[in-house]
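Listed below, chain by chain, are the residues.
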Amino acid sequence: MPRLAVWAIRAALLYLALGFTFGALILWNKGVPLHPQLWRLLPAHIDFLLFGWTMQLILGVAYWILPRFQTRRGNPSLAWLAFALLNVGVWLVSMAPFAPAPGFLHMGGRLAECAAALVFAAHAWPRIKPAGG
């Protein structure tokens, strides 16, 4: 398995654990109030599970499983850039509720996540060939 796929899948599992932990804390706080500020973890819970876990897992598996042509996986630096952008975006969006100007962090995080999707698509596009072609 390629190194990027290993890193992406491990990061996805870490996001899954963190997302479930934050969700459990929020749910517990709903039944037995611990601290009112725990609701600030809701964006992190959502982003960790939606983008951190799901998209990271998709990125890792797609990098690993898409066909190779001429024994190469395309430009690996684009895939690594997508991995970095996705993680930066997830953390920016997750930290936004704790920042003095949350709008800028939130928008920057979403832009980084969108850029990660576009960069990974640019990496994967040449690896996709029509059937029989």
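Calculation rules
- Residues numbered from 1 in each chain as written.
- Predicted model: local features only at pLDDT ≥ 70, side-chain atom pairs only at ≥ 80, totals over all residues.
- Heavy atoms only, no water.
- Patch = residues over 30% accessible without salt bridge, like charges linked within 9 Å, V, L, I, M, F, W, Y side chains within 5 Å.
- Areas by Shrake-Rupley, 256 points an atom, 1.4 Å probe, with all protein chains shown as cover.
- Salt bridge = Lys/Arg side-chain N within 4 Å of Asp/Glu carboxyl O.
- Helix = DSSP H or I, 4+ residues; strand = E, 2+ residues; numbered from the N terminus.
- Buried < 20%, exposed > 50% of the residue type's maximum accessible area, 1.4 Å probe, protein only.
- Lys, Arg positive; Asp, Glu negative; His and termini not counted.
- Polar contact = N/O pair within 3.5 Å; in protein donor to acceptor, adjacent residues only side chain to side chain.
- Expected span 1.5 Å × (residues − 1).
- Arc of directions from axis to C-beta.
- Contact = heavy atoms within 4.5 Å.

**Here's the deal with a nonpolar patch on the surface**
Consideration 1: Where nonpolar side chains cluster on the molecular surface, the patch consists of Met-1, Leu-57, Val-61, Trp-64 and Ile-65 and spans about 470 Å² of accessible area.
Consideration 2: You can see Ile-65 is positioned in helix H2 (residues 42-65).

**Topic: the side chain of Arg-127**
Consideration 1: When you line up the elements, Arg-127 lands in the segment after helix H4 (102-124).
Consideration 2: Buried and unpaired, Arg-127 has Glu-113 as its nearest opposite-charge partner, separated by 22 Å.
Consideration 3: Reaching out from Arg-127, the side chain makes a polar contact with the backbone oxygen of Tyr-63 at a distance of 3.1 Å.
Consideration 4: Engagement of the side chain of Arg-127 in a polar contact is seen with the backbone oxygen of Leu-66, the distance being 2.6 Å.

**Considerations on the pattern of salt bridges**
Consideration 1: Applying the stated rule across the entire model yields two salt bridges.
Consideration 2: Among the salt bridges present, the one from Arg-110 reaches Asp-47, with a minimum N-O distance of 2.7 Å. Of this pair, Arg-110 sits in helix H4 while Asp-47 is found in helix H2, placing the two residues 63 residues apart along the sequence.
Consideration 3: Between Glu-113 and Arg-110 there is a salt bridge, with its nearest N and O atoms 2.8 Å apart. Of this pair, Glu-113 and Arg-110 both sit in helix H4, three residues apart, roughly one helical turn.
Consideration 4: Three or more residues joined by partner-sharing salt bridges are found here, namely Asp-47, Arg-110 and Glu-113.

**Structural notes on helix H3 (residues 76-95)**
Consideration 1: Given a rise of 1.5 Å per residue, 20 residues ought to cover 28 Å, and the 29 Å separating the end C-alpha atoms of H3 matches this to within 8%.
Consideration 2: Restricting attention to buried positions, one finds in H3 the residues Ala-79, Ala-82, Phe-83, Leu-86, Asn-87, Gly-89, Val-90, Val-93 and Ser-94. Viewed end-on, H3 has its buried residues packed into an arc of 160°, placing them on one side of the element.
Consideration 3: Contact partners of the buried residues in H3: helix H1 (3-31), H2 and H4.

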